[in-house]
Each structure stands twice: as structure tokens, then as C-alpha cells.
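Architecture at a glance
Here are the chains, one letter per residue:
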Amino acid sequence: MFHVEHKLKSVFVKMDNKIIKGQIVDLFAREIYPGQIEIANGIIINVVRCSTAPDVFIMPGLIDSHVHIESSMLTPSRFARMVVPHGTIGAVTDPHEIANVLGREGVQFMIDDGKKVPFKFFFGAPSCVPATPFETSGASLNAIDIDILLNNEDIYFLSEMMNFPGVIQRDNEIMAKLSAAKRKGLKIDGHAPGLRGKLLEKYIEAGIGTDHECASLDEALEKISLGMKIQIREGSAARNFQNLSPLFKLHPEAVMLCTDDSHPDEILTHGHINRIIKKGVSSGVGLFDLLKAATINPVMHYNLPVGLLRQNDTADFIVLSSLENFTVEQTYINGTCVYNRTEGILFPIKKVNTINAFRDQQVQINQLEIKMPDGFNKVKVIEVEDGELLTNGITWSPTFGADRIIKPEVTDDVLKLVVVNRYSNELPAIGFVRKIGLKTGALASSVAHDSHNIIAVGVDDFSIAKAINKLIETKGGIVAINNNNVTVLELPVAGLMSTLEGEGVAAIYQKLNYEAAQMGTTLKAPFMTLSFLSLLVIPSLKLGDKGLFDVNTFSFTSLFE
């Protein structure tokens, strides 16, 4: 048991000859005892029980078991500075987003930027670039590229295999990528939302070992029964912790914690993996099972060089004043204190280089016009659900005049959705979306999973064109257009990331969310929701730069009925 609250002593961590004292949280023995750890050259050389120790807790540092750093809109070095105050010392990360823009050059950029800071990044080789052949991306990674990446000592696994139809059909290129990882003894991450039964069995038989897309307990239990590990996700858009929390009791060895996508304003305000732990503690999840999911389980599954507070481990740990409130006092990586609550972050920030790929031709308003073809009177509409990546497909009967031009109808909450190829000067793809809630203006983003073309939603063509062209002008970013009011967060690094520190990005992003709310949306994370409306691997109806796409059939579908 642990006390609800602990009073911090004036000298809560004593360091004599590299000895740190406190209440040792031993996650292997599932006990907490007074003790000390002795450190030399970044290694724990001894863990000793004591009769008394300061009233603070020492435990292994936290690992995010699946995250796309790019989705924080921060480069790796800036991301590290955001999360170490929350006890995160490492991240298993898929550089899939930047790989879709810049290929292997983008992956190497992430690795190099991550090395600028004392944080443990474990990058994967993106398995699906492009995610599908039905959209335009800036790069492609074939089986030869993947083999080259997997030979890089900074690559630790094969990233999420989103092309589950390709796996099930035993596509030669897909199987070559899987075989390359298996030859090297590396883990393979999955991505199979809603996949069940015989098709799931075939998917797992190919060597895929994790899934972070489970939305229901039944789905997660079936995947665990077939040998998968489940990464319980609690991010900025998708939140599955509540539905999946029984897994901690039923299958504690088969779960890990992850954020997948987490924006800097949320990290700044609510925390990172520690936020999920606090949520679990308050909802009655067993403490040791919860902490193991954030430490031991990912380290063991991916075979990560991360210490777990044992003799001969690297000294990667955190010091807490409270286990219930999970208040982080200090964060140590390789025996060095990288964060202290009284002094702040203890490593410097370095300059970020920028790399990018972006079109130069702006869109014209008349290119956004769309007419109802003769013989048709209905339109297929994407319907979003707040906090979910899944969408529905509905039909809508718009009103139109003799010119048959289809316009958004704010009273029906049906808005125009536009995706613009950002790699070449092609014409926009047009669709419609419901439940965004805007009453005025437009929102647009060059963060649009997975190919990161420009995506925009709005109530009129003028506002939509203005938003899109602003992003072409800045070579990437997020923008809200409300009449003459323009709010923009520039993302010059691959059109995905800022060169600013996290606090600066968070402030502008919060302003963007405020503007979006003023424009009428009630979505918790409107720009995150927008960014997933072109994700052609998450059911059911999405819009890519080549047109409307039915994920259930994995094929294009007509906008009209």
C-alpha cells in the first residue's frame, strides 16, 4: 500500500558518493521499501534495503510504448523537453509521418535531432509509406529501403503494419518487409482496428505482435488470446483507457501504455504517460500492474536498453513525492539528472534544421466548386464522432439551384471538406463532412494523416481557399480563418513540426483551438479530428487527395448517389 499523500522533506534526495535514498518501488517484487541505489558511470551498481529512507519514491522512468513524435508538432529534441518533467525517459516511436513526406531522409532527421538531447528515443522503420496506394505521398519506402533502415543501429523495430489487407492477402512486398524484421529478430507493430476472427488470425500469423487500435474490450481480449500485446491508448484524439482498463487485472503482462498522438498543450496542461497513470490510480486500477505497463512491459517486449531499477541496469529512474498524484520531483537518464522540479529542465536546447517538400501553386476559388451530376440528388457525407478516429458514412440530400452547385449547409451541420495534394500542383479533391460544427470561416492543416496533404473544412469556398493558400505560403502549418482574423501555427519542418519550444507551440495551438470554438465547433480536438479525416486505413469513410474512399471495401467510392 502507499500513502495518499506524502510531505516532502527539506532534503528529499540525499546524494553522497552517488547514493540516492528513498522508498524503492520494486516492480518485479511488487513491493515498496526504504532503500538506496548506488550509481557509478551511469550504472546502478547496487540496490540496498535500509531501515529508514526519505519519504519519496524512486521508480523506473516511464516509456511511451507507441507515439508519433511528429504529431506533437515538435521535433524530437523539443518533445523530450516537454515530457521529462512528467517522468517520461523514453519513447518507442514511429517516424511514419515524416517518412511519408521525405522518406529515409526524414527518418534520419528524426534520429539526428533526437541525439541532440539526453532522452531515449527508440525509432522504428515505417512499414507503410505510403500507407495506401490510393493517395499521394512525398516518398515511398519499399522492402529494400526497409531492409536498409533495419540495419541502422538506431532502428529498433518494424513500425505499425497498417496495410492489413496486404498482410492477409500475403502481398509479396509486404511479406518481404515482415521477413526483413524477423530475420533480424526485431518486433513488428500492428495496426488492425476492428479486425477479428480468421482474418485477425492470419494477420497475427505473419509475425505481428502488438496493436494500439483496440476500442472495445472484446476486441482486445481476442487479440491477446492470439498472442498480441495491447497498447492502451490515451491521446489527444483517441482515448481508449476507460474501455480497456479491465485488461490490467485480466492480462497485466500483455498491456502497455501509449499516447499515439499527443499535442503540446495537452502535455503541458495534463501531462504525458503520468496522466494515464493518475487516471488509472483514481479509477482503482492496481498500482503495480499500472506501473509495469508503463515501464517493464515495453522494455521487455521491445528489448530496450533501459534500466528498470536493478543492479547493473542503466540509472534511468524518477523520483516522486506522491504515487497517487504522481508528482515528479526529478528525472534521471543514464545517471544524470535531466529534470529537477525546483530548477526545471537541465539540458540545453539546440538549433533545429528544417527540411520540407511543398507545392508552390495556390488554389483558386472556382477549383473548389462542385456540381450535382444529372440523375443524382444525394451526397455521401463523412460523419465524425468526437474523440474517435472511426467515422461513419451517411447520405445527405442538399438543396441546390438550377446551376446544381452544392454548397455547405451550416443549419444541417454539413460542411465542405477539401484535400489538396501538397507535393504537386494537382486539383483539389472535394467532399462533405458532418459534426464539425463550424458556423463561420474555415480550418486547414498540413498535418493530415498519413500522406500529409493539405486538408481544410469550412462553410464557404472563399474561406477554404484562403486557409489553404495560407498554408501553401508558409510551407505548412495549421490555420483558422474567421472573416479577417487569421491565426496560424507555422510548421516549417516537413510541414509537420515547429522550430519553437513546446510552450510556444502550445500557446499558439491553444489560441487556434479557441478560435475554432469561437467559430462554432464543440470538438475537443478539432484539428486532430481534421487531421484524421484523410486517414485511409481507419474505417469507414475518408477523403484523400484522389477522392472519397471507403475503408471497409478499401476502394474509392462515388461522392454522389
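Presented here is a report on the structure given in the accompanying data block. These figures come from a predicted structure and were not determined experimentally. (Residues numbered from 1 in each chain as written. Predicted model: local features only at pLDDT ≥ 70, side-chain atom pairs only at ≥ 80, totals over all residues. Heavy atoms only, no water.)

**Considering the overall build of the chain**
- Each helix and strand in the chain was counted, giving 16 helices and 27 strands.
- Computed over C-alpha atoms, the radius of gyration of the chain comes to 24 Å, within 12% of the 24 Å expected from 2.2 N^0.38 for 561 residues, which places it in the range of a compact globule.
- Counting across all 561 residues of the chain, residues that qualify as buried make up 63%.
- Partitioning the contacts of the chain with sequence separation of at least 6, the portion at a separation of at least 24 is 68%.
- Working note: accessible area of the chain is about 20,200 Å², and carbon and sulfur atoms make up 49% of it.
- Where the 53 positive side-chain charges of the chain centre and where its 64 negative ones centre are 2 Å apart. (Helix = DSSP H or I, 4+ residues; strand = E, 2+ residues; numbered from the N terminus. Rg over C-alpha atoms; globule rule 2.2 N^0.38 Å. Buried < 20%, exposed > 50% of the residue type's maximum accessible area, 1.4 Å probe, protein only. Contact = heavy atoms within 4.5 Å. Areas by Shrake-Rupley, 256 points an atom, 1.4 Å probe, with all protein chains shown as cover. Lys, Arg positive; Asp, Glu negative; His and termini not counted. Charge placed at Lys NZ, Arg CZ, Asp CG, Glu CD.)

**A closer look at the packing of aromatic side chains**
- Under the definition given, this model contains 15 aromatic pairs.
- With a centroid separation of 4.7 Å and 55° between ring planes, the pair formed by F119 and F121 is classed as tilted.
- Members of the aromatic cluster, connected to one another through ring pairs, are F79, F119, F121 and F123.
- The ring centre of Y33 lies 4.0 Å from the NZ or CZ of R49, which sits over that ring.
- The side chain of R81 reaches across the aromatic face of F347, ending 5.7 Å from its centre. (Phe/Tyr/Trp six-rings, centres within 6.5 Å; stacked < 30°, edge-to-face > 60°. Lys NZ or Arg CZ within 6 Å of the ring centre and 35° of its normal.)

**Let's talk about the nonpolar core**
- Judged by nonpolar contacts, the single largest core of 179 residues is most densely connected at L178, Y203 and I277.
- Here the element with the most residues in this core is helix 2 (residues 96–114); it accounts for eight residues.
- Discounting chain neighbours no more than four positions away, the residues touching I277 are L62, L257, L290, L291, A294 and F326.
- Judged by nonpolar contacts, the second largest core, of 14 residues, contains I20, Y33, I44 and V319. (Core = buried A, V, L, I, M, F, W, Y, C linked by side-chain atoms within 4.5 Å.)

**Observations regarding the sheet that holds strand 8 (residues 155–161)**
- Spatially, 5-6-7-8-9 is the arrangement adopted by the five strands of the open sheet, whose pairing is parallel. Pairing within the sheet leaves two strands with one partner each, and these edge strands are strand 5 (62–67) and strand 9 (187–190). For this sheet, the mean inter-axis angle between neighbouring strands, taken without regard to orientation, is 25°.
- Of the strand pairs in this sheet, strand 7 (residues 120–125) and strand 8 are connected by three bridges, and their pairing is parallel. (Pairing = 2+ DSSP bridges. Axes fitted to C-alpha atoms, helices over the stretch in contact; angles between N-to-C directions.)

**Brief notes about the layout of surface pockets**
- Taken as a whole, the largest pocket encloses approximately 320 Å³ of empty space.
- Lining of the largest pocket is provided by 19 residues; of these, A131, P133, N163, D171 and I174 occupy positions nearest its centre.
- For the lining of the largest pocket, the secondary-structure elements that each account for two or more residues are helix 4 (164–168) and helix 5 (172–183).
- Residue contributions to the lining of the largest pocket peak at three residues, all from helix 5.
- Estimates place the volume of the second largest pocket at around 210 Å³.
- Forming the walls of the second largest pocket are 15 residues, and the residues nearest its centre are G114, K115, F119, K120 and F121.
- Ranked by the residues each element gives to the lining of the second largest pocket, the list is headed by strand 7, at four residues.
- Its residues assigned to classes, the lining of the second largest pocket comprises ten nonpolar, two polar and three charged. (1 Å grid on protein atoms, 1.4 Å probe; cavity = no way out; pocket = protein on both sides within 12 Å on 5 of 7 lines; lining within 4 Å. Points joined across faces, edges and corners; volume = space filled by probe spheres on them. Nonpolar A, V, L, I, M, F, W, Y, C, P; charged D, E, K, R; others polar.)

**Here's the deal with the sheet that holds strand 26 (residues 547–550)**
- Pairing in this open sheet of three strands is antiparallel, and the strands run 25-26-27 from one edge to the other. Single-partner strands in this sheet number two, and they are strand 25 (541–544) and strand 27 (555–556).

**Let's talk about the pairing of strand 12 (residues 255–258)**
- Residues V255 and L257 of strand 12 are buried on one face, and the alternating residues M256 and C258, pointing to the opposite face, are buried as well.
- Taken together, the four bridges between strand 11 (residues 229–233) and strand 12 define a ladder with parallel strand orientation. Bridging from a neighbouring strand, Q231 pairs with M256 of strand 12.

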